[in-house]
Amino acid sequence: MIPLRPLSVGEILDGIFTTIRTNPGATLGLTVGVSAVVETISTVTAIVGEDSSTATVAALDLLVFGLNAMLGIFLSGVLAVVVSEAALGSRISAGAAVRRVTPRLGGLLVLTLVVTLLSVLGLLALIVGAVAVAIYLCLASPAYVLEGQTIRAALRRSRVLVRGSWWRTFGVVLLSSLVGGVLVFVFTMVTLIVLATSEATFGDAFEGDLTVAGYIVTGIGNLIATTVATPVLSGAIVLLYIDQRIRREGLDVTLAETARQRATAS
């Protein structure tokens, strides 16, 4: 599914969609399942917060932000497993991927919080510094999940892998983010068109004055957009990690040998 050699930008993007297409249950299926829970809670909190105090709205927004952050953390770990299996020419079920990630989930949460904190600290200095820190540490999650590293070692591992390839890593992350952003924009526009069909039923989306039905439609639109866009960026990060290890450590030889051993065993 993924060439076992240094990857071009086009091959990384193609590998993302190939992995999604060949593992729909462990990518789109799992994403929609987890996102459905988060979006349901987000929709309910939005409805509850309609007539609540400012403090209550702020607390609900913080809750939704935390849930979305945890969603991204969980899916990045699961997709790291799925993409690594795809590199070996194997498919993995959603349940098997979740079982492999679950023991590392707590540490993965801490790792993500550390990366976020360091990125924010970089932002306090300069926006450029925040971007630099984020790119240098963007491979920490797959290193943590796939190599069984400690949090500190995973951060150091990411920095070592990115060093000397910062601009290429930045370019791929930016490109995949743009692809995901376009997908989100498309579904957002579709949602707005649906809301605009009946102001009496859905309320005024542009003024933020939605009815319960309007919030439900918005939640469904967000769910679809998240399901489609999330695997794109997460998949790009994992493929960048694999690509850097191929370029620096000859991981392609190890992967090819592992794939041969699995084929022989089966």
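Located above this text is the structure these notes cover.
Our subject in this report is the structure included herewith.

Here is what the cut-offs are and how they apply
Residues numbered from 1 in each chain as written. Predicted model: local features only at pLDDT ≥ 70, side-chain atom pairs only at ≥ 80, totals over all residues. Heavy atoms only, no water. Helix = DSSP H or I, 4+ residues; strand = E, 2+ residues; numbered from the N terminus. Rg over C-alpha atoms; globule rule 2.2 N^0.38 Å. Buried < 20%, exposed > 50% of the residue type's maximum accessible area, 1.4 Å probe, protein only. Contact = heavy atoms within 4.5 Å. Areas by Shrake-Rupley, 256 points an atom, 1.4 Å probe, with all protein chains shown as cover. Lys, Arg positive; Asp, Glu negative; His and termini not counted. Charge placed at Lys NZ, Arg CZ, Asp CG, Glu CD. Axes fitted to C-alpha atoms, helices over the stretch in contact; angles between N-to-C directions. Parallel < 35°, antiparallel > 145°, perpendicular 65-115°, else oblique. Left-handed = near helix turned anticlockwise from the far one by under 90°. Nonpolar A, V, L, I, M, F, W, Y, C, P; charged D, E, K, R; others polar. Expected span 1.5 Å × (residues − 1). Core = buried A, V, L, I, M, F, W, Y, C linked by side-chain atoms within 4.5 Å. 1 Å grid on protein atoms, 1.4 Å probe; cavity = no way out; pocket = protein on both sides within 12 Å on 5 of 7 lines; lining within 4 Å. Points joined across faces, edges and corners; volume = space filled by probe spheres on them. Patch = residues over 30% accessible without salt bridge, like charges linked within 9 Å, V, L, I, M, F, W, Y side chains within 5 Å. Salt bridge = Lys/Arg side-chain N within 4 Å of Asp/Glu carboxyl O.

1. Comments concerning the overall build of the protein chain
In terms of regular secondary structure, the protein chain is built from 12 helices and two strands. When the helices and strands of the protein chain are listed from N to C terminus, the series reads α-α-α-α-α-α-α-α-α-α-β-β-α-α. Against the globule reference of 18 Å for 266 residues, the protein chain gives a C-alpha radius of gyration of 20 Å, in line with a compact fold. With the C-alpha coordinates of the protein chain rotated into their principal frame, the extents come out at 60 × 45 × 35 Å. Taken over 266 residues, the protein chain has a buried fraction of 42%. By sequence separation, contacts in the protein chain at least 24 residues apart represent 71% of the contacts at least 6 residues apart. As presented, the protein chain carries roughly 13100 Å² of accessible surface, and 69% of it is formed by carbon and sulfur atoms. Positive and negative charge centroids in the protein chain, built from 17 and 16 side chains respectively, lie 21 Å apart.

2. Observations concerning the packing of helix 2 (residues 25-48) against helix 11 (residues 212-249)
Relative orientation of the contacting elements helix 2 and helix 11 amounts to 150 degrees, with a least axis distance of 8 Å. With respect to helix 11, the axis of helix 2 lies roughly antiparallel. Along this stretch, helix 2 crosses helix 11, giving a crossing that reads as right-handed. Across the interface between the two elements, Leu28, Thr31, Val32, Ser35, Ala36, Glu39, Thr43, Ala46 and Ile47 from helix 2 touch Val212, Tyr215, Ile216, Gly219, Asn222, Leu223, Thr226, Thr227, Thr230 and Pro231 from helix 11. Looking at the contact of helix 2 with helix 11, its residues break down into 10 nonpolar, eight polar and one charged.

3. Brief notes about helix 9 (residues 166-196)
Taking 1.5 Å of rise per residue, the 31 residues of helix 9 would be expected to cover 45 Å, and the 44 Å separating its terminal C-alpha atoms lies within 8% of that figure. Of all the positions in helix 9, only Trp166, Thr169, Val172, Val173, Ser176, Gly180, Thr191 and Leu195 are classed as buried.

4. With respect to the nonpolar core
Within the largest apolar cluster, 51 residues are counted, with the highest numbers of intra-cluster contacts made by Ile12, Ile16, Val78, Leu111, Leu139 and Ile242. For this core, the leading source of residues is helix 3 (residues 54-87), giving 10 residues. Here Val78 is in contact with Ala26, Leu30, Ala97, Val98 and Val101, once residues within four sequence places are set aside. Counting five residues, the second-largest nonpolar core is a separate cluster that includes Leu195, Leu210, Tyr215 and Val217.

5. Examining the layout of surface pockets
When its volume is computed, the largest pocket comes out at roughly 990 Å³. If you trace the largest pocket, you find 35 residues lining it, with Gly72, Ser76, Thr112, Thr116 and Leu233 closest to the centre. Every element with two or more residues in the lining of the largest pocket is listed here: helix 3, helix 5 (105-125), helix 6 (127-136), helix 7 (140-147), helix 9 and helix 11. Of all the elements, helix 3 adds the most residues to the lining of the largest pocket, at nine residues. In this model, the second largest pocket occupies a volume close to 290 Å³. Lining the second largest pocket we find 15 residues, and of these Ser84, Arg100, Leu146, Arg245 and Leu255 sit closest to its centre. Among the elements that make up the lining of the second largest pocket, the one with the highest residue count is helix 12 (residues 251-265) (four residues). By residue class, the composition of the lining of the second largest pocket is eight nonpolar, two polar and five charged.

6. Observations concerning the packing of helix 3 against helix 7
Look at helix 3 against helix 7: their axes get within 9 Å of each other, and the N-to-C directions meet at 65 degrees. Taken as axis vectors, helix 3 and helix 7 run roughly perpendicular relative to one another. Relative to helix 7, helix 3 is oriented so that their crossing is right-handed. Where helix 3 abuts helix 7, its residues Ser76, Gly77, Ala80, Val81 and Ser84 lie against Ser141, Pro142, Val145 and Leu146. The residue makeup of the contact of helix 3 with helix 7, split by class, is five nonpolar, four polar and no charged.

7. What to know about a positive patch on the surface
A cluster of like positive charges, contributed by Arg152, Arg156, Arg159, Arg163 and Arg248, occupies part of the molecular surface. Of the residues forming the positive patch, the biggest block, three residues, is contributed by helix 8 (residues 151-162). Within the secondary structure, Arg159 sits in helix 8. Residue Arg159 is classed as partly exposed on the basis of its relative accessible area, which comes to 37%.

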